[in-house]
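# Observations on the model geometry
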Amino acid sequence: MMVAGETTTAWQKFYVRFYQAFIEGNRWQQYLNGVGTTLLVTALALLLGIILGVIVAVVRTAHDQQRPGHRNPVLGLLNGIMKVYVTVIRGTPMMVQLLIMGFVIFASSRNYVMVGALTLGINSGAYTAEIIRGGLMSVDIGQMEAGRSLGLNYTDTMRFIIVPQAIKAILPALGNEFIVLLKDTSLISVIGGKELLYAARGVVSRTYEAMYPYIGTAIVYLVLVMGFTWLLGIFERRLRASDRR
Amino acid sequence: MIDVKNLTKEFGSLKVLNNVSEHINQGECVVIIGPSGSGKSTFLRCLNLLETPTSGEIIFDGVSMTDPNTDINKMRQKMGMVFQHFNLFPNMTILKNITLAPVRTKLMTREQAAAEAMNLLKRVGLADKADAYPAQLSGGQKQRIAIVRALCMKPEVLLFDEPTSALDPEMVGEVLDVMKALAADGMTMVVVTHEMGFAREVANRVLFLDEGVIVEQGDPHNLFYHPQSERLKSFLAKVL
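Calculation notes
- Residues numbered from 1 in each chain as written.
- Chains lettered and ligands numbered in written order.
- Predicted model: local features only at pLDDT ≥ 70, side-chain atom pairs only at ≥ 80, totals over all residues.
- Heavy atoms only, no water.
- Helix = DSSP H or I, 4+ residues; strand = E, 2+ residues; numbered from the N terminus.
- Rg over C-alpha atoms; globule rule 2.2 N^0.38 Å.
- Buried < 20%, exposed > 50% of the residue type's maximum accessible area, 1.4 Å probe, protein only.
- Patch = residues over 30% accessible without salt bridge, like charges linked within 9 Å, V, L, I, M, F, W, Y side chains within 5 Å.
- Areas by Shrake-Rupley, 256 points an atom, 1.4 Å probe, with all protein chains shown as cover.
- Salt bridge = Lys/Arg side-chain N within 4 Å of Asp/Glu carboxyl O.
- Contact = heavy atoms within 4.5 Å.
- Buried area = accessible area lost by both parts, 1.4 Å probe.
- Polar contact = N/O pair within 3.5 Å; in protein donor to acceptor, adjacent residues only side chain to side chain.
- 1 Å grid on protein atoms, 1.4 Å probe; cavity = no way out; pocket = protein on both sides within 12 Å on 5 of 7 lines; lining within 4 Å.
- Points joined across faces, edges and corners; volume = space filled by probe spheres on them.
- Nonpolar A, V, L, I, M, F, W, Y, C, P; charged D, E, K, R; others polar.
- Core = buried A, V, L, I, M, F, W, Y, C linked by side-chain atoms within 4.5 Å.
- Pairing = 2+ DSSP bridges.
- Axes fitted to C-alpha atoms, helices over the stretch in contact; angles between N-to-C directions.

### Regarding the overall build of chain A
In terms of helices and strands, chain A carries nine helices and zero strands. The helix and strand sequence of chain A, counted from the amino end, reads α-α-α-α-α-α-α-α-α. For chain A, the C-alpha radius of gyration of 24 Å lies well beyond 18 Å, the compact-globule estimate for 245 residues. Each principal axis of the C-alpha atoms in chain A carries an extent, and together these give about 90 × 50 × 20 Å. Each of the 245 residues in chain A was classed as buried or not, and the buried ones make up 42%.

Here it is as structure tokens:
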């Protein structure tokens, strides 16, 4: 398609590079598959992160709210484990965690996507736990006292009074965590997870042209994040609307 | 009914209650007065163990509240509490606020609880608010609902922690009226308040608390018009 010696206009150059980056050999399919994997990993990691986060937050809050002289040793032990988990995960870079999971703990696994989702989920859980714990603690202490003074037990007070109020405080921060998670899935390409950035890097290595694949990738992430931000905004407005009544 | 034996409560190095012993009888309306920081609220909150005493014993209906083997939730069901800041549950309707505890503790079925709640709401003149949310009510209305919520558990005693201190002056009366009616019905009440008028008019007994000890106590007339201790004299001079 290009003849030696012929001068090309800027437009032609753009077209050729764009063609190479996205269209030649149906490369757009690689990107599309990458986006699919990105969304799948985000969803799995988010789910795992929320499950872990809720468990850790509930154990830690329950531990902190015990009456003096009524310390439960099992809860104490669990709380210790949770604290170590949060400290280690928050204290080490995500990239290092991925490399350790991919090349040390699951070195023999070929399912890079699942290893990536697992690592991201475990990572997200530590942050989600703190978000949820913060939300639970942001509910006025008088609410817990009122529930308990009526003779409700701790679990019922949490379930009917504290948690429903905490959710409203938690959602904006949780939405933020979700967006961070979506972008962090790009890191799993370092252990071979075939997500969006992996596809872009594949194209770069074949065409020796970095600009279009990487900028295209950036645009895809941006569009995804803007889309989800918009959805979260609608969701939050709806929650607040039920507030005013 | 409630026996307080050598109750001491410390927050860190601060001794808020110092070896207080007291007895509250069935059907009595006991009003606790005293300067702020004297330990009034802490004393009240120790009665249903919202604060854990550092030492001493609370015996309610012959059962030691402070014994670690006591089912504290069961005991609290018989001991209603009304808070300064109402502490209604903002995520529920008024009716749900009132019926949640009796239903969850299996004291009543849903229908029984709703019927009882409507009865009580009528008594305080707020039956039309059953489906409203706390945010739609005035302070005085919220506090009357809070009293109904406590009453719906059919408690043997009601604890009031400065129930009118967070109210606009014009709403104090409506709450005090409900409390007066309860006292007239023979409800056992322990009230921490700054409303000296209420204390004089309704209390069977007034306790004056200062620096963690009961300095003086007696029937309201004697206490207010013939105070013995210098501390109470200077306190009354400031508040009356």
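Having put the structure on the table, let's press on.
### What to know about a nonpolar patch on the surface
On the surface, Met95(A), Val96(A), Leu99(A), Ile100(A), Phe103(A), Val104(A), Ile105(A), Phe106(A) and Leu118(A) cluster together to form a nonpolar patch covering roughly 750 Å² of accessible area. Note that Phe103(A) resides in helix α4 (residues 94-105).

### Some points on the interface of chain B and chain A
Each partner contributes to the interface: chain B provides 28 residues, whereas chain A provides 22 residues. For the pair chain B and chain A, the summed buried area comes to about 2,200 Å², and 56% of that belongs to carbon and sulfur atoms. The largest per-residue losses of area from chain B upon contact with chain A belong to Arg76(B), Phe89(B) and Arg104(B), which jointly make up 23% of the total buried on that side. Across the chain B-chain A interface, the total number found is six residue pairs in polar contact (both at pLDDT 80 or more). At the level of elements, α2 (72-77), β6 (79-82), α3 (94-104) and α5 (139-151) of chain B are the ones that each hand at least two residues to the side of chain B that touches chain A. Ranked by residues supplied to the side of chain B that touches chain A, first place goes to α2(B) with four residues.

### Some thoughts on empty space enclosed by the protein
Counted under the stated rule, the structure contains one cavity of 30 Å³ or more. There is about 30 Å³ of room inside the largest cavity. Lining the largest cavity, in full, are Ser149(A), Leu150(A), Arg76(B), Gln77(B), Met79(B), Gly80(B), Ala150(B), Met153(B) and Pro155(B). Of all the secondary structure elements, the ones that give two or more residues to the lining of the largest cavity are α2 and β6 of chain B. Counted by class, the lining of the largest cavity contains five nonpolar, three polar and one charged residues.

### A look at the nonpolar core
Ile33(B), Ile147(B), Phe160(B), Met179(B) and Met189(B) are the most contacted members of the largest nonpolar core, which has 52 residues in total. The element contributing the most residues to this core is helix α6 (residues 169-184) of chain B, with eight residues. If near-sequence neighbours (up to four positions away) are discounted, Met189(B) is found in contact with Glu28(B), Cys29(B), Val30(B), Leu158(B), Phe160(B), Met179(B), Leu182(B) and Ala183(B). One finds Ala166(A), Val20(B), Met79(B) and Ala101(B) within the second-largest nonpolar core, a separate group that totals 50 residues.

### Focus on the sheet that holds strand β4 (residues 55-60) of chain B
Residue and element names in this part refer to chain B. In spatial order, the strands read β2-β1-β4-β5; together these four strands make up an open sheet with antiparallel pairing. A strand with exactly one partner marks an edge of an open sheet, and here the two such strands are β2 (14-24) and β5 (63-64). Pairing of strand β1 (residues 2-11) with β4 involves five bridges; the strand directions are antiparallel. By the bridge assignment for β4, Asp3 is matched with Ile59. Strands β1, β2 and β4 of the sheet are contacted by helix α1 (residues 40-47), whose axis makes an angle of about 120° with β1.

### Describing the sheet that holds β6(B)
Backbone hydrogen bonds are what pair the strands of a sheet, in a parallel or an antiparallel way. Residues and elements named next belong to chain B. With respect to topology, six strands assemble into an open sheet ordered β6-β7-β8-β3-β9-β10, the strand pairing being mixed. Strands with a single pairing partner mark the edges of an open sheet, and in this sheet they are β6 and β10 (213-218). Here the average twist between neighbouring strands, direction ignored, is 20°. Pairing of strand β3 (residues 29-33) with strand β9 (residues 205-210) involves four bridges; the strand directions are parallel. Bridge pairing in β9 places Val31 opposite Val206. α6 rests against β7 (157-161) and β8 (188-192) of the sheet, and its axis sits at about 145° to β8.

### Here we look at the pairing of β3(B)
All names here are of chain B. The buried fraction of β3 is high, at five of five residues. Side chains Cys29, Val31 and Ile33 project from β3 onto one buried face, and the interleaved Val30 and Ile32 project onto a second face that is buried too. The pairing of β3 with β8 spans four bridges and is classified as parallel. Opposite Ile32, over in β8, you have Val192 as the bridge partner.

### Quick word on the environment of Ala150(B)
Within the element layout of this structure, Ala150(B) appears in helix α5. C-alpha of Ala150(B) to C-alpha of Gln217(B): the two residues are 67 residues apart in sequence and 27 Å apart in space. Excluding anything up to four places from it in sequence, Ala150(B) contacts Leu150(A), Gly80(B), Met81(B), Val82(B), Pro155(B) and Leu158(B).

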